[in-house]
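Report on the structure
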Amino acid sequence: MNKNQLKIGLALGSGSARGMSHIGVIKALEDMGIFPEIIAGSSVGSLVGASYASSKLNKLEEWALSMSESKIRKFLKININASGFINSAKLQKLFEETIGLESLKFEQLDKVFGAVATNLSSGKEVWLKQGSVHEALWSSMAFPGLFPSVLMKNQWLVDGGLVNPVPVSLCRALGADVVIAVNLNSDILSSYSVENIHESSSQETEDDSNKYESDIEHEDKNLWQRAKVGFKKTMNIISSDGSKVKEPKSIDVISNAINIMSSNITTSRLAGNPPDVLLQPRLKNIGLLQIYKAEETIAEGYACVKRMEEEIKFRTSQ
């Protein structure tokens, strides 16, 4: 088999806001003259993958770079039925308007694409390869605690990262001869540590509260925003040894719990089905919802490819 016959596949892993690094990975590969024909995505990897497969990656990048911390807060909400902390309807509408994936079918995409979701009842992996791209994306990205699960063909689907965080297997099943995989979970377990509260903490907390109060003067003063101000004022707790520490935010607890699970599952899945090239961007400083750090995240994705450039060239030219 010569180079012209090789089908290059790209397996884009899960990782919430860290997923914007996939954009940098794709840009770097194309700058090397490598244009993957087959894309498999899990969770946020499915969003980036579908955007790339529909030639709309530039629109996704523009959206990500336009995000600020205050804009992200507008998507947060108190959800009484606990289906998720994110206002998914508002976010979906934004994606439809800015990226234009709502009406697309898989067969209309410019590249072969597939997404991974998880059957909430059986815990089994579900491969989404036909029908509505829009429904597949929101099924694959239904991150527990953030987005509501999706009902599709009489089964409730949730985030694909729960069972297959880096979908190498799907990429090969779609026809890839060489798989370049992107693991966003390689360094996340060291990203959270206990922080001591210094004497200035109370002033910093008050300053943070004032900042939020100032911010919400220009936004709807809903329950979630008021709750955040109050939460900022009550973050200090006493640890078992009597020292003062910062209590992890509830969203950080959810995030790190999923991170621990994703890291272990990723290690197991990649050991059983390794890619030809494994890219692991250094993203431990990128939090769950920190899309407003997209410029930094995209740059690290690009840099990650450059660090592996010789290996990528060798593996894709066999």
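Please read all numbers here as calculations on a predicted model, not as lab measurements. (Residues numbered from 1 in each chain as written. Predicted model: local features only at pLDDT ≥ 70, side-chain atom pairs only at ≥ 80, totals over all residues. Heavy atoms only, no water.)

Turning to the environment of glutamate 107, a few remarks are in order. Relative to the helices and strands, glutamate 107 resides in the loop between helix H5 (88-98) and strand S3 (112-119). The sequence separation of glutamate 107 and serine 132 amounts to 25 residues, and the corresponding C-alpha distance is 9.4 Å. (Helix = DSSP H or I, 4+ residues; strand = E, 2+ residues; numbered from the N terminus.)

Along the chain, serine 21 turns up in helix H1 (residues 21-31). You can call serine 21 buried: its relative accessible area is 0%. A polar contact of 2.8 Å, which involves the side chain of serine 21, links it to the backbone oxygen of arginine 18. Contacts of serine 21, omitting those with residues within four sequence positions, involve Leu184, Pro281, Leu283, Thr297, Ile298 and Gly301. (Buried < 20%, exposed > 50% of the residue type's maximum accessible area, 1.4 Å probe, protein only. Polar contact = N/O pair within 3.5 Å; in protein donor to acceptor, adjacent residues only side chain to side chain. Contact = heavy atoms within 4.5 Å.)

Below, the discussion takes up the packing of H1 against helix H3 (residues 57-66). Two elements in contact, H1 and H3, have axes separated by 11 Å at closest approach and are oriented at 135°. Taken together, the axes of H1 and H3 lie oblique to each other. Handedness of the H1/H3 crossing: left-handed. Here Ile23, Ile26 and Lys27 of H1 come into contact with H3, specifically with Leu57, Leu60 and Glu61. Among the residues forming the contact of H1 with H3, the class breakdown is four nonpolar, no polar and two charged. (Axes fitted to C-alpha atoms, helices over the stretch in contact; angles between N-to-C directions. Parallel < 35°, antiparallel > 145°, perpendicular 65-115°, else oblique. Left-handed = near helix turned anticlockwise from the far one by under 90°. Nonpolar A, V, L, I, M, F, W, Y, C, P; charged D, E, K, R; others polar.)

So, about the packing of aromatic side chains. Per the counting criterion, the structure on display carries one aromatic pair. Pairing phenylalanine 106 with phenylalanine 113 gives two aromatic rings, centres 5.7 Å apart and planes at 15°, and the pair type is stacked. Neither residue differs from the other here; phenylalanine 106 and phenylalanine 113 are each classed as buried. (Phe/Tyr/Trp six-rings, centres within 6.5 Å; stacked < 30°, edge-to-face > 60°.)

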